[in-house]
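Remarks on the overall topology
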Amino acid sequence: MNPRRSITDLSADLADQAESFCRQYFPEGRKQGNYWQVGDTSGAKGQSLAIRLQAESGRKAGSWQDFATGEFGDLIDLLQERLGSVTLKETLREARSFLGEAPCPAVTRETQRAERHDTASSKRIARARKLFAAGKPVLGTLAATYLQGCGITRLGPALRYHPRVFLRQGEDDPDLATRSPALLTKITDNRGQITGCALFYLDPSTGVLAEIESPKRILGQLHGHAIRFWSGKARSDLIVGEGLENTLSVGTALPEFDLASCLTATHLGLFIPPPGIKPIWIARDNDEAGRYASMRLRNQLESLGIACGDLVPSMGDFNDDLRAFGKDALRRSLLKAMKAQGLEIEHG
């Protein structure tokens, strides 16, 4: 084989082995018909990025598109994204190595993995910041319609709305991409820096969650971080919740409290507490996953000397409680649970 062949030739040869390429560089993905689906160019789990495995209807094998960001290209482009901050020369060397034409650079797998993760994470965070910045205030939008339909009145600058976010329409034909309205939420660290953006895709005619697989998606980094809502007054305590709707339901009943939503039970258990905050109230879902996440976070907080208490809904989650019993009843229930645990409640 001639190592001096053009980039176009290399791209075509990679496309001939598209499925093997995907299995090697994107092992967290999965095959769906004529496509390999994965979360993004870093190789994270998910379905936003689709790679065509075989040519069809005049469309080339190896072409791909990330429907969350609008990025697209061939397998050379995708390989460079996957490798991170490497030169085109290094990317082509990796491509030739995959095709059996040249040896890989002498870099340990552990070093490559760490470098790729750091670079890919930075790129995802940058895309998340760009997407959130493109949003507009939620009042008067479908995003407000969605939240009001959940009985939620607690809003804040961590929420924005975008009328046209890239969305893959369905798994059967990922080429049928469209744009969909979405509620955008700002994920931040304890310094207030944006680390990610959670997207809630909405039905454009009704304002409810779109009827698609995974209507709630995350761009960027959530691990240890949260979506934050401040009461407007300086407080030393905090309510940390699971899902956005769950947390904002608690905030609707207790508007004087600061809030942090971790979006999932897993990330609730991984939450990194802000310095100087105590106590922390853990508003979990009423299920086994919520119980385990609360226990994990409680153990972490207590090891740091931070007092904490559990808030558990009567139904599945606090949004169920809010819609079933109303704001006033939920407020009474929450305050009663707080007082019963013997922790000091700061009155804002």
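These lines cover the structure that appears in this document, whether it is placed above or below. (Residues numbered from 1 in each chain as written. Predicted model: local features only at pLDDT ≥ 70, side-chain atom pairs only at ≥ 80, totals over all residues. Heavy atoms only, no water.)

Once that is clear, we can look at the side chain of Thr141. Mapped onto the fold, Thr141 is located in the loop between α5 (109–133) and α6 (142–149). Residue Thr141 is classed as buried on the basis of its relative accessible area, which comes to 10%. At a separation of 3.2 Å, a polar atom in the side chain of Thr141 contacts the main-chain amide nitrogen of Ala143. Sequence-distant contacts of Thr141, that is, excluding residues within four places in its chain, are made with Lys136 and Tyr161. (Helix = DSSP H or I, 4+ residues; strand = E, 2+ residues; numbered from the N terminus. Buried < 20%, exposed > 50% of the residue type's maximum accessible area, 1.4 Å probe, protein only. Polar contact = N/O pair within 3.5 Å; in protein donor to acceptor, adjacent residues only side chain to side chain. Contact = heavy atoms within 4.5 Å.)

Attention now moves to the pattern of salt bridges. All chains considered together, the criterion is met by 14 salt bridges. The closest approach of N and O atoms between Glu19 and Lys31, which form a salt bridge, is 3.2 Å. Of the two residues, Glu19 is situated in helix α2 (residues 18–25) and Lys31 in strand β1 (residues 30–32); the sequence distance between them amounts to twelve residues. Given a relative accessible area of 42%, Lys31 falls into the partly exposed group. Ionic pairing is found between Arg30 and Glu213, a salt bridge with its closest N-O pair at 3.3 Å. Pair noted here: Arg30 is in strand β1 and Glu213 is in the loop between β8 (194–201) and β9 (216–220), with a separation of 183 residues, a long-range link. (Salt bridge = Lys/Arg side-chain N within 4 Å of Asp/Glu carboxyl O.)

The next subject is the sheet that holds strand β2 (residues 35–38). Strand order in this open sheet of five strands is β1-β2-β3-β4-β5, and the pairing throughout is antiparallel. Where the open sheet ends on each side, the last strands, each with one partner, are β1 and β5 (72–73). The pairing of β2 with strand β3 (residues 49–52) spans four bridges and is classified as antiparallel. The residue bridging Val38 from the neighbouring strand is Leu49, located in β3. (Pairing = 2+ DSSP bridges.)

Within the secondary structure layout, Gly29 lies in the loop between α2 and β1. Residue Gly29 is classed as buried on the basis of its relative accessible area, which comes to 14%. Here the alpha-carbon distance between Gly29 and Gly46, two residues 17 residues apart in the chain, equals 7.1 Å. Residue contacts for Gly29: discarding those within four places in its chain leaves Trp36, Gln37 and Val38.

Everything listed is a geometric property; what it means functionally is a separate question.
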